[in-house]
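# Inside the fold
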Amino acid sequence: MKKNAVALVLMGAFFTPALWAGVDLPEGTQEFGLQGSLDLDYVDDYLFVLNTSYGYFIYDDWEIGAVLDVSMSDSNQQFQFGGFTEYNFTNTSNWVPYLGAAAQLANLSSDDGDLDFDVEDVTALNIKLSGGVKYFINKHVAISAEVNYNISTDDINVSKDGVEDSFTRFVFGTRFYF
């Protein structure tokens, strides 16, 4: 009997999103986002990326907010803080594509470690353009996949070719709505 009850609860949790097709992101909704990635084939052994955001929907489907991005490797750290805007293309399914932009103050600091080139500590303005898709598990939680392109006023990204002023990242995460 207990096995049947557990199976029914699990099936109900899995199929519940199918019962309320379509997502609504009305004005006044708040969102907390947590995304990231881990690159174990990075020039400096590894690269850990964590993106956090808090947003408020000022109109239906249109959000503005603050974002904090952190990237860390064996010998360098990058912090970016700023504001963002995002437009969500809600439809009749649980899949919601979105486009966004952010302006951030970015700081790269390094101890050079085992890199074959010099990395300077630098602060710059970074512009991030992003696009992605969210899948709503229920009306309060979505999983997301995003690609973003960053371009800055100075070299803030460490790569195998040296330090660059632009880069592209893929991040995956979760968004919470309340």
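Before any of the text, the structure's been laid out above.
Values in this document were obtained by computation on a predicted structure and should not be read as measured data. (Residues numbered from 1 in each chain as written. Predicted model: local features only at pLDDT ≥ 70, side-chain atom pairs only at ≥ 80, totals over all residues. Heavy atoms only, no water.)

## Quick word on the sheet that holds strand 2 (residues 47-59)
- Strand order in this closed barrel of 8 strands is 1-2-3-4-5-6-7-10, and the pairing throughout is antiparallel. Here the strands of the sheet are splayed against their neighbours by 25° on average, with no regard to which way each runs.
- Pairing between strand 2 and strand 3 (residues 62-73): 12 bridges, direction antiparallel. Looking at strand 3, one finds that Phe 48 is bridged to Met 72. (Pairing = 2+ DSSP bridges. Helix = DSSP H or I, 4+ residues; strand = E, 2+ residues; numbered from the N terminus. Axes fitted to C-alpha atoms, helices over the stretch in contact; angles between N-to-C directions.)

## Some details on the nonpolar core
- Residues Tyr 42, Leu 47, Val 49, Ala 106, Leu 108, Val 122, Ala 124, Ile 156, Val 158, Phe 167 and Val 171 constitute the largest nonpolar core, which totals 11 residues.
- Core analysis: the second largest hydrophobic core is formed by 7 residues, Val 23, Leu 25, Phe 136 and Tyr 177 among them. (Core = buried A, V, L, I, M, F, W, Y, C linked by side-chain atoms within 4.5 Å. Buried < 20%, exposed > 50% of the residue type's maximum accessible area, 1.4 Å probe, protein only.)

## Describing the pattern of salt bridges
- Under the criterion given, the structure shown has 6 salt bridges.
- A salt bridge links Glu 31 to Lys 134; the nearest nitrogen and oxygen atoms lie 3.1 Å apart. Taken together, the positions of Glu 31 in strand 1 (residues 30-39) and Lys 134 in strand 6 (residues 122-138) put the pair 103 residues apart, joining distant regions of the chain.
- On the basis of relative accessibility, which here comes to 0%, the residue Glu 31 falls in the buried class.
- The salt bridge involving Arg 175 is made with Glu 146; its shortest N-O contact spans 3.5 Å. Here Arg 175 is found in strand 10 (residues 166-177), whereas its partner Glu 146 is found in strand 7 (residues 141-152), with 29 residues between them in sequence. The same class applies to Arg 175 as to Glu 146, namely buried.
- Taken together, the shared-partner salt bridges in this structure form one network comprising Glu 31, Glu 86, Lys 134, Glu 146 and Arg 175. (Salt bridge = Lys/Arg side-chain N within 4 Å of Asp/Glu carboxyl O.)

## Description of the pairing of strand 5 (residues 95-110)
- Taken together, the 13 bridges between strand 4 (residues 76-88) and strand 5 define a ladder with antiparallel strand orientation. Bridge pairing links Tyr 87 to Leu 99 in strand 5.
- Connecting strand 4 to the antiparallel partner strand 5 that follows it, the hairpin turn spans 6 residues.
- Sheet topology places strand 5 next to strand 6; 14 bridges connect them, and they run antiparallel. Among the inter-strand pairings, Tyr 98 is bridged to a residue of strand 6, identified as Gly 132.

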